[in-house]
Amino acid sequence: MQYYLEFIVAGFGLLLLMWEAFAAPKNKATLGLVGAVGLTLVFAMLVLSSCCSCVSEAPAWMERFYSNEGHAIFFKGFALLSTILVLLMSYDFQKVLNKFTSPDGSDTNAGEFYCLPIFACAGLMWMASATDLVSIFVALELVTIAFYVMVAFMRRNVGSLEAGVKYLILGALSTGFLVYGIAWIYGALGTTQIDQFTNISSSTSLLFGLALVIIALAFKVGAAPMQLWIPDVYQGAPTPITAFLSVASKAAGFGVAITILRPFLEADATRESVSTILVVLAAATLLYGNLAALAQTNFKRLLAYSSIAHAGFLLIGMATSAFDYVLFYLATYLIMTFAAFFVLGIIRSSEDSDEISALDGLGKRNPLLAIALTVIMAAMAGVPLTAGFVGKFLMFETAVANISSVHWITVVIAFIGAACGFYYYFKIIRAMYWNSSEKQEAISLPFISKCAIIILTAALIVFGVYPAPLLCWTS
């Protein structure tokens, strides 16, 4: 059954589209709730099939391009959980979405918004199981095309349209790098099947093709030198889609990077070269993300630069082949980031602003929301007894253990980046408790967002104190 889950997800998305087109519910945000319920059932099927001892083999026609071995199950579950949270967040975001999609503020033009994440989810799941460079490219394009539409969906908002254009142009550029790199790798190795990358040498053509592929993947994960699109696109896109880009798209990029780079990190001929490239990218990404975040006054842009900084820490794990640590960090990153964006979505809907100043006085206007955001920011900064601290600790551990390949300069840069994080994350806490607000009325919490924030915030503390279950899931 697990070999057909992607088809089930894609078919479910088509059914929702048909429902929206021919028998739309009165409140089109209901599509998002139905989508979340459907994907929850698919997630349950994934868990049951992965726990079953009698897992069937892949059909013959899928063997070359598809496999559920390695970390594929983790990334499939990651994609499903991310999409479920995006759809739930979209339900409470409908007021803002309707405002910028229809002249009269109705949900007439918003139906497709709740269906597109499901198609993106199907593509993310195919990416997780892809074992051939061609199938990786096809799945990647399915995801990317869905994101092109979703980023620019608020067509009556200039920022959203600008974000869509920038994402389209730079996304097309990165696709060119990827295809060109695949061509060079095929020319050097004679195959696009990753499990047949056995005759790896340090030839110039192979390393050149691999460098092009790494640049393309850097765009997907938001790493230097392809990170410049992130702040503008994250700020302009609808908040649920920003969260989707920040978490699911980034995780899928690292999943593909693990699949493609693992043979080269294991081969003696290319291990040092690939590791060096990743270390340089990690150092540059950490510097750019953390230093640029210091001056931000917009909460969404701050989270965008924070996303770049987190990519730098993840690249350290990639460079040292600590893939289990990378998966754990991604799991904690999902919890932290979605919790932060749920809060941001509430602030955006109630205050009509993404600025940090919109959080002024939140400690008095909604103490529960302020406490939750305090825990979330502490986890992102890496305060002990939070899941974020465990993730950062593991990255520093593998960096120090492999200091000969990572180099002490990169470790120092990572420490500086972590210290910078305390400053710009705690700016949020300062705004909530130290700054006063002109508005005194309480901020109400929608039921879905309230439940999500409570669960995610509690998870940050639980996995910070007792990370063993999460470590077991990611190993």
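Look up a bit, the structure's there.
What counts and how
- Residues numbered from 1 in each chain as written.
- Predicted model: local features only at pLDDT ≥ 70, side-chain atom pairs only at ≥ 80, totals over all residues.
- Heavy atoms only, no water.
- Helix = DSSP H or I, 4+ residues; strand = E, 2+ residues; numbered from the N terminus.
- Rg over C-alpha atoms; globule rule 2.2 N^0.38 Å.
- Buried < 20%, exposed > 50% of the residue type's maximum accessible area, 1.4 Å probe, protein only.
- Contact = heavy atoms within 4.5 Å.
- Areas by Shrake-Rupley, 256 points an atom, 1.4 Å probe, with all protein chains shown as cover.
- Lys, Arg positive; Asp, Glu negative; His and termini not counted.
- Charge placed at Lys NZ, Arg CZ, Asp CG, Glu CD.
- Core = buried A, V, L, I, M, F, W, Y, C linked by side-chain atoms within 4.5 Å.
- Phe/Tyr/Trp six-rings, centres within 6.5 Å; stacked < 30°, edge-to-face > 60°.
- Lys NZ or Arg CZ within 6 Å of the ring centre and 35° of its normal.
- Axes fitted to C-alpha atoms, helices over the stretch in contact; angles between N-to-C directions.
- Parallel < 35°, antiparallel > 145°, perpendicular 65-115°, else oblique.
- Left-handed = near helix turned anticlockwise from the far one by under 90°.
- Nonpolar A, V, L, I, M, F, W, Y, C, P; charged D, E, K, R; others polar.
- Expected span 1.5 Å × (residues − 1).
- Patch = residues over 30% accessible without salt bridge, like charges linked within 9 Å, V, L, I, M, F, W, Y side chains within 5 Å.
- Salt bridge = Lys/Arg side-chain N within 4 Å of Asp/Glu carboxyl O.
- Polar contact = N/O pair within 3.5 Å; in protein donor to acceptor, adjacent residues only side chain to side chain.
- Arc of directions from axis to C-beta.

*Asks:* Help me understand the overall build of the protein chain in this model?
*Replies:* Scanning the protein chain from N- to C-terminus turns up 20 helices and zero strands. In summary, the protein chain has a C-alpha radius of gyration of 21 Å against a globular reference of 23 Å for 475 residues, a match within 12%. In terms of overall dimensions, the protein chain has C-alpha extents of about 65 × 55 × 45 Å along its principal axes. Burial statistics for the protein chain: of 475 residues in total, 61% are counted as buried. Restricting the contact set of the protein chain to residue pairs at least 6 apart, pairs at least 24 apart contribute 81%. For the protein chain, the accessible area works out to roughly 18,100 Å², and carbon and sulfur atoms hold 68% of it. One way to put it: in the protein chain the 23 positive side-chain charges average out to a point 9 Å from where the 26 negative ones average out.

*Asks:* Whenever I open this one, the nonpolar core confuses me. Can you help?
*Replies:* The tendency in soluble globular proteins is for nonpolar side chains to be buried side by side. Within the largest apolar cluster, 174 residues are counted, with the highest numbers of intra-cluster contacts made by Leu261, Leu373 and Met377. Per-element accounting of this core gives the leading share, 20 residues, to helix H13 (residues 323-351). Residues contacting methionine 377, with those up to four places away along its chain left out, are Phe299, Ala340, Tyr425, Ile428 and Ile429.

*Asks:* Would you take a moment to explain the packing of aromatic side chains for this structure?
*Replies:* Each aromatic ring pair is described using two quantities: the centre-to-centre distance and the angle formed by the ring planes. With the rule as written, the count across this model stands at 24 aromatic pairs. A ring pair is formed by tyrosine 180 and tryptophan 184, whose centres lie 6.1 Å apart and whose planes are at 85°; its orientation type is edge-to-face. Pair noted here: tyrosine 180 and tryptophan 184 are both in helix H7 (residues 158-189), with a separation of four residues, about one helical turn. Centroid distance tryptophan 229 to tyrosine 234: 6.1 Å. Interplanar angle 80°. Geometry classified as edge-to-face. Accessibility expressed as a relative area gives 5% for tryptophan 229, which makes it buried. Ring pairing ties together the aromatic residues Tyr148, Tyr167, Phe219, Trp229 and Tyr234, which thus form one cluster. Over the aromatic face of phenylalanine 153 sits the side chain of arginine 155, whose NZ or CZ is 5.3 Å from the ring centroid. Across the ring face of phenylalanine 313, the terminal group of lysine 392 is positioned such that the distance to the ring centre comes to 5.1 Å.

*Asks:* Honestly, unusual backbone geometry in this entry has me stumped. Any pointers?
*Replies:* Only a minority of non-glycine residues have a phi that is not negative, and only a minority of peptide bonds are not trans. Omega for the peptide link from alanine 224 to proline 225 comes to 5°, which places this bond in the cis form. Positionally, proline 225 belongs in the loop between helix H8 (204-221) and helix H9 (230-236). The phi dihedral of aspartate 352 is positive, around 55°, even though this residue is not glycine. Locating aspartate 352 in the fold gives a position in the loop between H13 and helix H14 (362-365). Backbone geometry at leucine 385 places phi at a positive 70°, although glycine is not the residue there. Structurally, the position occupied by leucine 385 is in the loop between helix H15 (367-381) and helix H16 (387-401). A relative accessible area of 59% means that leucine 385 is categorised as exposed.

*Asks:* Help me understand the packing of helix H12 (residues 299-319) against helix H18 (residues 408-433) in this model?
*Replies:* A pair of packed helices can be characterised by two numbers: the angle between their axes and the separation between those axes. Put simply, H12 and H18 touch, their axes get as near as 11 Å, and they point 155° apart. By the angle between their axes, H12 is roughly antiparallel relative to H18. Crossing of H12 against H18: the hand is left-handed. Counted together, Phe299, Leu302, Ser306, Ala309, His310, Phe313 and Ile316 of H12 and Thr410, Ala414, Ala418, Tyr424, Tyr425, Lys427 and Ile428 of H18 form the full contact between these two elements. Broken down by class, the residue content of the contact of H12 with H18 amounts to 10 nonpolar, three polar and one charged.

*Asks:* Mind showing me how you'd approach H8 here?
*Replies:* Because the α-helix completes a turn every 3.6 residues, residues three or four places apart line up on one side. Helix length check: H8 (18 residues) gives 25 Å between terminal C-alpha atoms against 26 Å at 1.5 Å per residue, within 8%. Where H8 is buried, its residues touch helix H6 (133-151), H7, helix H10 (239-266), helix H11 (271-293) and H12. The positive-phi residue at the C-terminal boundary of H8 is glycine 222, with phi of around 75°.

*Asks:* Explain a nonpolar patch on the surface here, please?
*Replies:* Among the surface-exposed residues, Ile403, Trp408, Ile409, Val412 and Ile416 lie close enough to one another that they form a single nonpolar patch of about 460 Å² accessible area. The dominant element in the nonpolar patch, judged by the number of residues it contributes, is H18, at four residues. What makes valine 412 partly exposed here is its relative accessible area of 37%.

*Asks:* Teacher, can you tell me more about the side chain of lysine 220 here?
*Replies:* Along the chain, the position of lysine 220 falls in helix H8. At 5.3 Å, glutamate 141 is the nearest oppositely charged side chain to lysine 220, a buried residue that forms no salt bridge. Reaching out from lysine 220, the side chain makes a polar contact with the side chain of threonine 144 at a distance of 3.3 Å. Dropping the residues within four chain positions of it, lysine 220 is found in contact with Leu140, Thr144, Ser174, Ser249, Lys250 and Gly253.

*Asks:* Would you explain helix H19 (residues 447-465) in this entry?
*Replies:* Taking 1.5 Å per residue, 19 residues should reach 27 Å; H19 reaches 27 Å between its end C-alpha atoms and fits that length. For H19, the set of buried residues is Ile448, Ser449, Ala452, Ile453, Leu456, Thr457, Ala459, Leu460, Phe463 and Gly464. End-on view of H19: buried residues confined to an arc of 150°, all on one side of the axis. Opposite the buried face of H19, by more than 90 degrees, sit the exposed residues Phe447, Ile455 and Val465. In the core, the buried residues of H19 are packed alongside helix H2 (30-51), helix H3 (72-92), H13, H15, H16 and helix H20 (468-474).

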